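Residue-level structure breakdown
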Amino acid sequence: MKMFKFRLVPAYCLLFICILLSIGRVHADTKQVTYCIDPTWVPYEMLRNGKHVGISADYLQIISELADINFILVETESFHQSLEFLQTGRCMVMAMMNSSAYRNVYINFTIPYFESPNVLIARDAKVMYQGLDGLNSQLLGVAKNTFLAEYLARYYPQLRLHLTESEGDGLRALSRGEIDVFAGAMLSVNSEINKMNMSEMAVVGYAEPYNSLRMGVNKAHSEIVEDLNKAIEQIPEAARVEIYKRWSNVKRHYQQDFRMAVLGVACGAVILATLFWRRNIMRRYARELRLKQEEMENLQSVLLEKNRMLEFLSSHDSATNLYNRNFMLHRAEDEVSRFNRFHTAATLILFDFSSQNVRLNPGDSAFSEEGVRELARLCLRSVREVDIAGRWSAEQIIILCPQTPIAASKILADRLKEAIETHPRDDIRLLPFSIGLAALQEGETFADWYERASQALYMARREHSGQVMIAEN
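Residues numbered from 1 in each chain as written. Predicted model: local features only at pLDDT ≥ 70, side-chain atom pairs only at ≥ 80, totals over all residues. Heavy atoms only, no water.

Points about the nonpolar core
Ranked by size, the top nonpolar core spans 51 residues in total, and within it Tyr 44, Phe 71, Phe 114 and Ile 121 carry the most contacts. Discounting chain neighbours no more than four positions away, the residues touching Tyr 44 are Gly 54, Ile 55, Ser 56, Met 96, Phe 114, Ser 116, Ala 185, Met 186, Leu 187, Ser 188 and Leu 213. In terms of nonpolar packing, the next biggest core, distinct from the first, is built from 24 residues, Ile 397, Leu 412, Leu 416 and Val 468 among them. (Core = buried A, V, L, I, M, F, W, Y, C linked by side-chain atoms within 4.5 Å. Buried < 20%, exposed > 50% of the residue type's maximum accessible area, 1.4 Å probe, protein only. Contact = heavy atoms within 4.5 Å.)

Thoughts on the sheet that holds strand E2 (residues 40-41)
Ordered by their spatial adjacency, 3 strands build an open sheet running E2-E3-E4, and the pairing between neighbours is antiparallel. Of all the strands in the sheet, just E2 and strand E4 (51-53) have a single pairing partner and so form its edges. With 3 bridges connecting them, strand E3 (residues 45-48) and E4 associate as antiparallel partners. Paired with Leu 47 across the bridge in E4 is His 52. (Pairing = 2+ DSSP bridges. Helix = DSSP H or I, 4+ residues; strand = E, 2+ residues; numbered from the N terminus.)

A look at the packing of helix H2 (residues 55-67) against helix H7 (residues 224-233)
Taken N-terminus to C-terminus, the directions of H2 and H7 make an angle of 110°; their axes are 9 Å apart at the nearest point. Between H2 and H7, the angle is such that the two are roughly perpendicular. H2 and H7 meet at a crossing whose hand is right-handed. Contacts between H2 and H7 pair Ile 63, Leu 66 and Ala 67 from the former with Asp 227, Leu 228, Ala 231 and Ile 232 from the latter. (Axes fitted to C-alpha atoms, helices over the stretch in contact; angles between N-to-C directions. Parallel < 35°, antiparallel > 145°, perpendicular 65-115°, else oblique. Left-handed = near helix turned anticlockwise from the far one by under 90°.)

Re the confidence of the model for the protein
Do not read the predicted coordinates in detail wherever pLDDT is low. Residues with a pLDDT of 70 or more make up 88% of the protein, whose mean pLDDT is 85. In the model, residues 1-9 has pLDDT below 50 throughout and makes 0 contacts with residues more than four positions away in sequence or in other chains. Here residues 18-28 is a poorly scored stretch, pLDDT under 50, and it has 0 contacts once near neighbours within four places are set aside; other chains count. (pLDDT = per-residue confidence, 0-100.)

Some points on the pattern of salt bridges
Counted according to the given criterion, the structure contains 22 salt bridges. Among the salt bridges present, the one from Arg 461 reaches Asp 352, with a minimum N-O distance of 3.3 Å. In this pair, Arg 461 sits in helix H14 (residues 446-463) while Asp 352 sits in strand E13 (residues 346-353), placing the two residues 109 residues apart along the sequence. Overall, Arg 461 belongs to the partly exposed group, its relative accessible area being 42%. On the basis of relative accessible area, Asp 352 is assigned to the buried category, the value being 15%. A salt bridge links Glu 369 to Arg 391; the nearest nitrogen and oxygen atoms lie 3.8 Å apart. Placement of the pair is Glu 369 in helix H11 (residues 369-382) and Arg 391 in strand E14 (residues 388-393), with a sequence separation of 22 residues. Residue Glu 369 is classed as partly exposed on the basis of its relative accessible area of 41%. Taken together, the salt bridges that share partners define one network made up of Glu 370, Arg 373, Glu 374, Arg 377 and Arg 381. (Salt bridge = Lys/Arg side-chain N within 4 Å of Asp/Glu carboxyl O.)

What follows is the structure in structure tokens.
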């Protein structure tokens with residue numbers, strides 16, 4: 001019996017080691033994603049003793065499990081600082097924010113996962129406003145650096161706006177009589193009212209648009225947007241309802257005139273009928289508002305897509321989809337400026353081909369545009385992702401290699417040379433071409449840099465077709 005137990009010990013140890021290795025592989029496969037939040041946007045998201053809590057925290061916990069992502073918080077002091085961290089890449093994701101035309105320039109957004117209306121707050125509940133169009137000469141307060149402030153400035157330029165540092169400052173200004181109405185997100189405004197015990201404040205209307213809150217992703221990490229969208233789509237409706245119940249404590253505060261009670265039952269019936277009519281009006285208005293918001297979002301999506309197409313066409317060659325000459329000139333100037341500041345290596349590759357001389361048979365036409373496109377594809381496959389390739393002229397392609405010494409660029413050029421010489425198509429394989437390289441030197445302008453690369457290209461052309469030459473220092 002003792003011998004039997006002794007032999008079982010190594011088997012248990014081996015099983016334990018296998019379990020540990022399996023756990024290690026699971027953790028190794030988990031994606032690590034840094035994120036920032038607005039640390040003071042109660043109850044949407046906030047920092048409490050260095051811990052992220054609020055609506056966005058609950059959603060991130062669910063998304064983390066569904067997408068197999070480990071979210072790592074990067075603490076900031078304000079929403080403005082969080083935006084700076086997201087733009088500079090210090091955090092990859094912003095947990096909760098609205099999209100806008102300005103933010104779309106440097107942020108990719110997921111689909112929305114939480115919606116909340118904006119409301120109008122006033123000291124007197126006797127006047128109800130039918131949205132922003134109901135405001136005339138009133139001085140409207142709104143927190144600066146918010147989506148709502150940007151929206152009002154763009155689509156309601158006729159309104160008189162007073163920008164405050166935060167929603168709390170705006171409500172205090174309203175209480176002091178410095179502004180007539182304040183607009184803000186419903187849940188956060190209600191939280192501020194309850195915290196400051198402002199019982200005289202009342203909700204007097206809704207302000208379009210709804211807050212369609214989503215995650216913002218730095219464009220350098222766009223690959224995780226698809227994973228986040230899949231996780232958001234899988235969030236159970238029961239979980240959404242539970243999160244809303246947990247953080248929604250909205251109360252409407254109305255000033256009550258108790259003297260109205262003396263008017264008796266008849267007056268009470270009139271008031272009830274009026275409230276019922278008002279409720280129906282508000283429901284119809286909210287429904288129309290949602291339809292208008294959906295229509296506006298659709299128009300914005302179409303406009304964004306067209307802007308992206310225009311931006312692509314303005315910077316790309318239509319025949320090859322490589323960057324065009326104007327774009328490459330700007331990028332090269334930027335690289336020269338970066339070299340002068342940081343002294344990082346950079347190399348310019350000129351790829352020149354003579355398409356007019358390629359005829360396989362006496363009756364064949366000259367090198368086709370499809371052949372040029374195939375050359376462009378060979379260039380893109382031969383260089384790295386950080387390299388920038390563009391069509392400089394009809395028969396010349398320029399490749400900019402940032403932070404790359406001349407020896408490494410020579411490897412890229414040889415790779416391109418081999419790809420052409422071993423290509424299965426005869427018109428590509430027999431194409432006369434030459435490649436010239438030049439490393440950026442101290443004090444050079446782009447014109448000087450390009451001239452030295454052209455001299456190397458000329459030397460390669462004189463030697464023989466298919467040569468790679470490096471410019472002399």
